[in-house]
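Report on the structure
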Amino acid sequence: MPDITAVTHAQNIRYDRKAEALYIIDQTLLPGEEKEIRLQTIDEMVEAIRALRVRGAPAIGICAAYCMYVLAKSIRTEDRPTFLKRLSDYGQQLDAARPTAVNLGWAIREMMRTALEHVHDTRGQMLDALYERAVVIHEDDIAKCRAISEYGLSLLKEGDGVLTHCNAGPLATSRYGTAQGPFLLAAERGMHIRVFADETRPLLQGARLTSYELQRAGVDVTLICDNMASIVMKNGWVQACFVGCDRVAANGDTANKIGTSGVAILAKHYGIPVYVLGPTSTIDMACPDGDHIPIEERDGEEIKTMWYEKPMALPEVKCYNPAFDVTDHELIAGIVTEKGICRPPYTKSLKALFDDKK
Ligand code: MRU
């Protein structure tokens, strides 16, 4: 029996106030094992983000916010400049764990700003304020994902087929997700959407996480290898592509999981619209275009050995393993945020999101 709520409300990041402990679901073990691990030290936190135990742009932002609270509690000095310096050093270490997703640095800056605002309060008051800020970041994301899911679903009709790449579901966010949120919302409402999930090489977020979440929620999901997207589009099975984002530049150029730009180029060939779904916290107005987005490069061993008992290539073979690529804004039909759907020209429509103070 599909259990939609168990999927939409999965507690991928959980701060237990009674136990004073931060837990995440270790996403590297999925789908075989759903296991929580506790994050206590800066080294454990940086490792968890770098190894993708917690992953997805909004989720690493939320996790980093709780990490900053846990780390703030561990700083024992009563001297405020020393406290702020140590917290800021921790923030820099967390931020350096992964360079592309803008949410990480954004959440860390929010936490530092809160610490500064309470610099003259007692230690207890400052810690309370930091905890509350982390909770607000988490709860805001829940509300944003829900709104994004509604806007995304408004682009679809009964029976549509949608191709998605990587994982932008509840595990990558708070609840519902961004690019996968509309599919879960549709399932809740008894609407039939056929999803084609790219497996997403090299780390298989599509196979391990997206098809896991959607299958459990009762969504009609078909897993394909990345190189099968073209035939699925040619067959007429896909009416739209929905993808998440790690950083959207001011002109609409969008960094997302490696392979996303290839999907968008194929979609253009077949006349299929590509929508990017993400919260406004993923939009970096200080970044003018895709050329300015830092792209994480990961260890080539992930290509050669990560997903199979035996090596997939000779150990001495060179690998190039960028974790993200940038989709040109001209290939994007709309950017779906919690505030609505932005259309080209994005220099205007994205700017309007931030001018609007409502
Ligand atoms: O390397 P990952 O797994 O963190 O990459 C995740 C993605 O590319 C997602 O599509 C993106 O972060 C959006 S998640 C809502």
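Not measured: the values here are computed from a predicted model.

The next point concerns the overall build of the protein. The helix and strand inventory of the protein stands at 12 helices and 14 strands. Its C-alpha atoms give the protein a radius of gyration of 20 Å, near enough to 21 Å, the size a compact globule of 358 residues would have. Seen along its three principal axes, the alpha-carbon backbone of the protein occupies a region of about 65 × 55 × 45 Å. Here the contacts in the protein between residues at least 6 apart in sequence split such that 76% fall between residues at least 24 apart.

Turning our attention to the domain arrangement of the protein. Assigned domains of the protein: these are domain 1 (5-145) and domain 2 (155-355). Computed over C-alpha atoms only, the centres of domain 1 and domain 2 are separated by 25 Å. Listed per partner, the contact involves 29 residues of domain 1 and 35 residues of domain 2. Taken together, the elements giving at least two residues each to the side of domain 1 that touches domain 2 come down to α1 (4-8), α3 (57-74), α5 (102-117) and α6 (123-153). Residues belonging to the side of domain 1 that touches domain 2 are distributed by class as follows: 16 nonpolar, nine polar and four charged.

Near the ligand, the surroundings consist of 19 residues, among which R55, A57, A168, G244 and K257 are the closest. Secondary structure elements with two or more residues in the shell around the ligand: α3 and β9 (254-257). Partitioned by chemical class, the residues of the shell around the ligand number nine nonpolar, seven polar and three charged. Composition of the shell around the ligand by domain shows at least three residues from each of domain 1 (5-145) and domain 2 (155-355).

Let us look at helix α10 (residues 260-270). Of the residues making up α10, those classed as buried are T260, S261, V263, A264, L266 and A267. Each element contacted by the buried residues of α10 is listed here: β4 (161-164), α9 (229-234), β7 (240-243), β9, β10 (274-277) and β12 (324-327). G271 sits one or two residues past α10 and shows a positive phi near 70 degrees.

On to the UniProt feature "site: Transition state stabilizer" (unreviewed entry) in the protein. Feature annotation in UniProt places "site: Transition state stabilizer" (unreviewed entry) on C166, given in this structure's numbering. Setting aside anything within four residues of it in sequence, one finds C166 in contact with T200, Q205, G206, G244, N256 and K257.

If you check UniProt for "binding site: substrate" (unreviewed entry), the listed places come out as R55, G56, A57, R98, Q205, N256 and K257 in our numbering. Inspection of the secondary structure assignment puts R55 in the loop between α2 (42-50) and α3. Ignoring sequence-local partners within four residues, the contact set of R55 consists of Q27, I60 and A172. Within the secondary structure, Q205 sits in helix α8 (residues 205-216). For Q205, a count of 28 C-beta atoms within 10 Å translates into the label buried.

All right, on to the pairing of strand β2 (residues 21-25) then. Sheet analysis places strand β1 (residues 13-16) next to β2, joined by four bridges and oriented antiparallel. Counterpart to R14 in the pairing with β2 is Y23. Here β1 folds back onto β2, and the loop between the two strands holds four residues, one of which, E20, carries a positive phi near 50 degrees. In terms of strand pairing, β2 meets strand β3 (residues 36-39) through four bridges, oriented antiparallel. Of the residues in β3, the one forming a bridge with L22 is L39.

Our next topic: the environment of I303. Topologically, I303 is positioned in helix α11 (residues 301-305). Distance from I303 to V54, taken between C-alpha atoms, is 20 Å for residues 249 residues apart in sequence. Among all residues touching I303, those that are not within four sequence positions of it are P202, C319 and N321.

Pairing is antiparallel in the open sheet, where three strands are placed in the order β1-β2-β3. The open sheet has two edge strands, β1 and β3, and neither has a second partner. Shown here is a sheet whose adjacent strand axes are inclined to one another by a mean of 30 degrees, direction ignored. Most of the contacts of α3 go to β1, to which it runs at about 20 degrees, and overall it touches β1, β2 and β3.

C63, A64, Y66, C67, M68 and C241 are the most contacted members of the largest nonpolar core, which totals 100 residues. In terms of residue count, α3 provides more of this core than any other element does, 14 residues in total. Each of two domains, domain 1 (5-145) and domain 2 (155-355), supplies a minimum of three residues to this core. When sequence neighbours within four positions are dropped, the list of residues in contact with C63 reads I13, I24 and V54.

Here the focus is the pairing of β10. Residue alternation in β10 divides its side chains into two sets, V274 and V276 and Y275 and L277, and both sets are buried. Across three bridges, β7 lies against β10 in parallel orientation. Note that in β10 the partner of V243 across the bridge is V276. Here three bridges tie β10 to strand β13 (residues 334-337), and the two strands are oriented parallel to one another. Bridge pairing links V276 to I335 in β13.

What counts as what
- Residues numbered from 1 in each chain as written.
- Predicted model: local features only at pLDDT ≥ 70, side-chain atom pairs only at ≥ 80, totals over all residues.
- Helix = DSSP H or I, 4+ residues; strand = E, 2+ residues; numbered from the N terminus.
- Rg over C-alpha atoms; globule rule 2.2 N^0.38 Å.
- Contact = placed C-beta atoms within 7 Å.
- Domains from an automatic or database assignment.
- Nonpolar A, V, L, I, M, F, W, Y, C, P; charged D, E, K, R; others polar.
- Near = placed C-beta within 6 Å.
- Buried ≥ 20, exposed ≤ 12 C-beta atoms within 10 Å, placed from the backbone.
- UniProt positions renumbered as here; feature names shortened; annotations may be inferred.
- Pairing = 2+ DSSP bridges.
- Axes fitted to C-alpha atoms, helices over the stretch in contact; angles between N-to-C directions.
- Core = buried A, V, L, I, M, F, W, Y, C linked by C-beta atoms within 7 Å.

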